[in-house]
Amino acid sequence: MLDIRNLHANVGDREILKGLSLSVGAGEVHAIMGPNGAGKSTLAHVLAGREGYEVTQGSVTFLGADLLALAPHERAAAGLFLGFQYPVEIPGVSNLLFLRTALNAQRKLRGEGEISGAEFLKAVKEEAQALGLDMEMLKRGVNVGFSGGEKKRNEAFQLALLKPKFAVLDETDSGLDIDALKVVAAGVNRFRGPDHGVLLITHYQRLLDHVAPTHVHVLVGGRIVESGGPELAHRLEAEGYERHAA
Ligand code: ADP
Ligand code: MG
């Protein structure tokens, strides 16, 4: 689904990604682990098309299309979802209105009709309950007054409602207590499946105890330095990243 080849990217005039290659197929859940400053969030931002992140070399193909040629909203409509490490607060824009607007904008770009109010509300209620988010909170401004854990639950809520094909989740586990972690992990597990791909960016093994990855990669210094199966995550947890130090 997602094929990243020899990706180089600058932030300002510093090269952060230095020849990163990675391929995620349908039904796969890939974890990317690595020390602070390795370039994990930079990769997520480049995939989302965030301003200020300049690709200087390489390619990214998503479902057969050149992802880098698409504007951020077109990437979302094509089925790419990004969960942020630091979800932004948008005061004055209700969470539910925001989601419904985003969903309908994506449907429009795909040539689909708008979701009905009843259908939307039904999905909202189901997912809010599953994720332990209360309806009053969801009517407030996007992420406004949410705790760190609630913001991450809200990311999982967005994932459930937008129904993308592929989710890139950046440190979705950070700031979560164990109960919230289990809830968010259950959200990711509900999403994963034969038609979906997941890229889980995480600093710690603990999320991977709840969302079993099919592949694990180590990102250090802007490139993948080692890849393996789930056992690699356990080894990293025990050994740290020292053996990969540049
Ligand atoms: P990680 O998510 O793996 O901890 P990041 O991708 O956030 O790492 O950062 C990689 C490197 O890029 C770091 O050295 C960081 O300081 C730098 N960097 C990231 N974003 C910016 C930015 N907006 N401006 C300047 N430097 C940045
Ligand atoms: Mg990061």
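Procedures and definitions
- Residues numbered from 1 in each chain as written.
- Chains lettered and ligands numbered in written order.
- Predicted model: local features only at pLDDT ≥ 70, side-chain atom pairs only at ≥ 80, totals over all residues.
- Heavy atoms only, no water.
- Helix = DSSP H or I, 4+ residues; strand = E, 2+ residues; numbered from the N terminus.
- Contact = heavy atoms within 4.5 Å.
- Buried < 20%, exposed > 50% of the residue type's maximum accessible area, 1.4 Å probe, protein only.
- Pairing = 2+ DSSP bridges.
- Axes fitted to C-alpha atoms, helices over the stretch in contact; angles between N-to-C directions.
- Left-handed = near helix turned anticlockwise from the far one by under 90°.
- Nonpolar A, V, L, I, M, F, W, Y, C, P; charged D, E, K, R; others polar.
- Parallel < 35°, antiparallel > 145°, perpendicular 65-115°, else oblique.
- Near = heavy atom within 4 Å.
- Polar contact = N/O pair within 3.5 Å; in protein donor to acceptor, adjacent residues only side chain to side chain.
- Areas by Shrake-Rupley, 256 points an atom, 1.4 Å probe, with all protein chains shown as cover.
- 1 Å grid on protein atoms, 1.4 Å probe; cavity = no way out; pocket = protein on both sides within 12 Å on 5 of 7 lines; lining within 4 Å.
- Points joined across faces, edges and corners; volume = space filled by probe spheres on them.

(A) Local environment of the side chain of Asn104. With respect to the helices and strands, the residue Asn104 is situated in helix H3 (residues 95–109). Setting aside chain neighbours within four positions, we find Asn104 in contact with Glu114 and Ile115.

(B) The arrangement of the pairing of strand S3 (residues 29–33) in detail. In terms of burial, S3 is largely enclosed, as five of its five residues are buried. Bridge analysis of S3 against strand S10 (residues 197–202) gives five bridges, and the strand direction is parallel. Along S10, the bridge assignment pairs His30 with Leu199. Where S3 and strand S11 (residues 215–220) come together, four bridges link them in parallel fashion. Pairing of His30 across the sheet is with His215, part of S11.

(C) Focus on the packing of H3 against helix H6 (residues 148–162). At a closest axis distance of 10 Å, the pairing of H3 and H6 adopts a crossing angle of 35 degrees. The crossing of H3 and H6 is right-handed. When H3 is examined against H6, the residues Asn95, Leu96, Phe98, Leu99, Ala102, Leu103 and Gln106 are found in contact with a partner set consisting of Asn154, Phe157, Gln158, Leu161 and Leu162. Residue composition of the contact of H3 with H6, by class: eight nonpolar, four polar and no charged.

(D) How the structure looks around the packing of H6 against helix H7 (residues 178–191). It is the contact of H6 with H7, at a shortest axis distance of 10 Å, that shows an interaxial angle of 15 degrees. Here H7 runs roughly parallel to H6, going by the angle between their axes. Along this stretch, H6 crosses H7, giving a crossing that reads as left-handed. Contacts from Lys152, Arg153 and Leu159 in H6 reach Ala180, Val183, Val184 and Phe191 in H7.

(E) Up close: the sheet that holds strand S1 (residues 2–11). Pairing is antiparallel across the open sheet formed by four strands, whose spatial order is S2-S1-S4-S5. Two strands in the sheet have a free side with no partner beyond their single neighbour: strand S2 (14–24) and strand S5 (65–66). Taken together, the eight bridges between S1 and strand S4 (residues 53–62) define a ladder with antiparallel strand orientation. Bridge assignment links Arg5 to a residue of S4, and that residue is Ser59. Its contacts with the sheet put helix H1 (residues 40–48) on S1, S2 and S4, and the angle it makes with S1 is roughly 105 degrees.

(F) Spatial organisation of the site of ligand 1. Residues in close proximity to ligand 1 include Val11, Arg14, Ile16, Pro35, Asn36, Gly37, Ala38, Gly39, Lys40, Ser41, Thr42 and Tyr53, which together make up its full environment. A distance of 3.2 Å is found between an oxygen atom of ligand 1 and a backbone nitrogen or oxygen belonging to Ala38. Within the backbone of Lys40, a nitrogen or oxygen atom sits 2.9 Å from an oxygen atom of ligand 1. Across the complex, the protein chains shield 61% of the 560 Å² of accessible surface that ligand 1 would expose by itself. Counting only elements with at least two residues in the shell around ligand 1, the list comes to S2 and H1. In terms of residue count, H1 provides more of the shell around ligand 1 than any other element does, three residues in total.

(G) Just the layout of surface pockets, in detail. Its volume calculated, the largest pocket comes out at about 790 Å³. The wall of the largest pocket is formed by 28 residues, among which Ala76, Leu82, Phe84, Phe98 and Gln158 lie closest to the centre. Going through the elements one at a time, H1, helix H2 (72–77), strand S6 (80–83), H3 and H6 are the ones with two or more residues in the lining of the largest pocket. Looking at the lining of the largest pocket, the element that brings in the most residues is H3, giving six residues. Broken down by class, the residue content of the lining of the largest pocket amounts to 19 nonpolar, six polar and three charged. If you go around the second largest pocket, you meet 13 residues; those closest to its centre are Leu103, Arg107, Ile115, Leu161 and Lys163.

Honestly, that's just the spatial picture; any functional story needs more than this.
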